[in-house]
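Analysis of the macromolecular model
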Amino acid sequence: MEALKAAMLGLGGLGVVSTILLSVFNSIEDRYMKIIENTYTHITQWDDAHLAAARKFTRKLKETKPHMSDMEFLKHINDDEELRHSIVLVCNYFEQVRISYLMKRIDIKHFNKCLGPVMEDYNERLKPYVASQGSDSLKDWEEIRALSK
């Protein structure tokens, strides 16, 4: 009788332990799926209407920047309110990516498969503007560049 009680108690304990383990595994899987979903959200935000319009302005810089000094480049940006606003939107997008990575909310490898080369291109193109915003901004911008590799 005592052996039967011990066996039943063991089965009951096994039920509790297996439920806890199942809960832990489900929690880990849910966390991973949230990271994948957040990564996908960041990738799709790149095509958001506001950001797409902002990118249209910054694309023109890609053609003109090689023919300008950094000072001319900054003057060109500062003289055009819409262009400056567009650059701020693009920089803020990449800053959101950086913060999401630091908070472990996105999978940067998956993100880079889609937008890594784009992020690196924008990083190089907009670096003089970011540098003009101060050393803290430039430090963050360098972290963004490191993420794109």
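Above this text sits the structure in question.
Residues numbered from 1 in each chain as written. Predicted model: local features only at pLDDT ≥ 70, side-chain atom pairs only at ≥ 80, totals over all residues. Heavy atoms only, no water.

**Examining the layout of surface pockets**
Where we set the bar: Cavity and pocket criteria rest on a 1 Å grid covering protein atoms alone: a 1.4 Å probe that fits but cannot get out defines a cavity, protein on both sides within 12 Å along at least 5 of 7 lines defines an open pocket, and an atom within 4 Å of a point defines a lining residue. Grid points are joined across faces, edges and corners, and a volume is the space filled by probe spheres set on the points. Strands here mean DSSP runs of E at least two residues long; helices mean DSSP runs of H or I at least four residues long; both are numbered from the N terminus. All amino acids are sorted into three groups, where Ala, Val, Leu, Ile, Met, Phe, Trp, Tyr, Cys and Pro are nonpolar, Asp, Glu, Lys and Arg are charged, and the leftover types, Gly among them, are polar.
Taken as a whole, the largest pocket holds about 220 Å³ of empty space. Around the largest pocket sit Ile87, Val88, Cys91, Asn92, Glu95, Tyr129, Val130, Gln133, Ser137, Asp140, Trp141 and Ile144, which together line it. Listing elements by their share of the lining of the largest pocket, those giving two or more residues are α4 (81–102), α5 (108–131) and α6 (135–147). Sorting elements by how many residues they give to the lining of the largest pocket places α4 first, with 5 residues. Residues belonging to the lining of the largest pocket are distributed by class as follows: 7 nonpolar, 3 polar and 2 charged.

**Description of the packing of aromatic side chains**
Put simply, the rule is: Pairing of aromatic rings covers Phe, Tyr and the six-membered ring of Trp, with a centre-to-centre limit of 6.5 Å; geometry is then stacked below 30 degrees between planes, edge-to-face above 60, and tilted otherwise. Exposure is judged per residue with a 1.4 Å probe applied to protein chains only, and the accessible area is read against the type maximum: over 50% gives exposed, under 20% gives buried, and values in between give partly exposed.
Going through the model one piece at a time under the given rule, you end up with 6 aromatic pairs. Plain terms: the ring middles of Trp46 and Tyr93 are 5.1 Å apart, the flat faces sit at 45° to each other, and that makes the pair tilted. With a gap of 47 residues between them, Trp46 in the loop between α1 (2–45) and α2 (49–64) and Tyr93 in helix α4 connect regions that are remote in the sequence. Residue classification places Trp46 among the buried positions, given a relative accessible area of 7%.

**Quick look at the environment of Leu102**
Its place among the elements puts Leu102 in helix α4. Owing to a relative accessible area of 45%, Leu102 belongs among the partly exposed residues under this scheme.

**As for the nonpolar core**
The nonpolar side chains of soluble globular proteins are, as a tendency, buried together. Defined as follows: Take the buried residues of types Ala, Val, Leu, Ile, Met, Phe, Trp, Tyr and Cys, join any two whose side-chain atoms come within 4.5 Å, and each joined set is a nonpolar core. Pairs of residues are marked as contacts when any of their non-hydrogen atoms sit within 4.5 Å.
If you look at the biggest cluster of nonpolar residues, it comprises 27 residues, and the most contacted ones within it are Ile87, Tyr93, Phe94, Phe111 and Leu126. Taken together, the elements giving at least two residues each to this core come down to α2, α3 (70–79), α4, α5 and α6. Residue contributions to this core peak at 8 residues, all from α5. Among residues more than four places away in sequence, those in contact with Phe111 are Thr39, His42, Ile43, Tyr93, Val97, Gly116 and Met119.

**Concerning a positive patch on the surface**
Our working rule: Each patch is built from residues lacking any salt bridge and having more than 30% relative accessible area; the joining distance is 9 Å for like charges and 5 Å for nonpolar side chains (Val, Leu, Ile, Met, Phe, Trp, Tyr). Shrake-Rupley sampling with a 1.4 Å probe provides the accessible areas, and residues are treated as covered by the protein chains on show and by no other component. Within this document, salt bridges are pairs made up of a side-chain nitrogen of Lys or Arg and a carboxyl oxygen of Asp or Glu, the two lying within 4 Å of each other. In this charge count, Lys and Arg are treated as positive and Asp and Glu as negative; neither His nor the chain ends contribute. Where a charge lies is defined by one atom per residue type, namely NZ (Lys), CZ (Arg), CG (Asp) and CD (Glu).
On the surface, a cluster of positive charge is made up of Arg31, Lys34, Lys104 and Arg105. Secondary-structure assignment places Arg105 in the loop between α4 and α5.

**Considerations on a nonpolar patch on the surface**
Taken together, the side chains of Val16, Val17, Ile20, Leu21, Val24, Phe25 and Ile28 define a hydrophobic patch exposed on the protein surface, amounting to about 660 Å² of accessible area. Here Val16 is to be found in helix α1.

**Some thoughts on the packing of α1 against α5**
Let me state the cut-off plainly: Axis lines are fitted through C-alpha atoms, for helices just across the contact stretch, and the angle between N-to-C directions can take any value from 0 to 180 degrees. Should an angle fall under 35 degrees it is called roughly parallel, over 145 degrees roughly antiparallel, and 65 to 115 degrees roughly perpendicular, with every other angle called oblique. Throughout, a crossing is termed right-handed when the near helix is turned clockwise from the far one, and left-handed when it is turned anticlockwise from it by less than a right angle.
The N-to-C vectors of α1 and α5 enclose an angle of 15°; their axes lie 9 Å apart at closest approach. By the angle between their directions, the pair α1 and α5 is classed as roughly parallel. In the packing of α1 onto α5, the handedness of the crossing is right-handed. Residues Tyr32, Ile36, Thr39, His42 and Ile43 of α1 form the contact with α5, whose participating residues are His110, Phe111, Cys114 and Leu115. Grouping the amino acids of the contact of α1 with α5 by side-chain chemistry returns 6 nonpolar, 3 polar and no charged.

**Side note on the side chain of Thr39**
Tracing the chain through its elements places Thr39 in helix α1. Setting aside chain neighbours within four positions, we find Thr39 in contact with Ile106, Asp107, His110 and Phe111.

**Examining α3**
An α-helical segment advances 3.6 residues per turn. Residues three or four places apart therefore align on the same side. Threshold: To be clear, the arc concerns the directions from the helix axis to the C-beta atoms.
Listed as buried for α3 are Phe73, Leu74 and Ile77. Take α3 and look down its axis: the buried residues cluster within an arc of 95°, on one side only. Residues of α3 that are exposed and angled more than 90 degrees away from the buried face: Met71, Lys75 and Asp79. Along its buried surface, α3 packs onto α2, α4 and α5.

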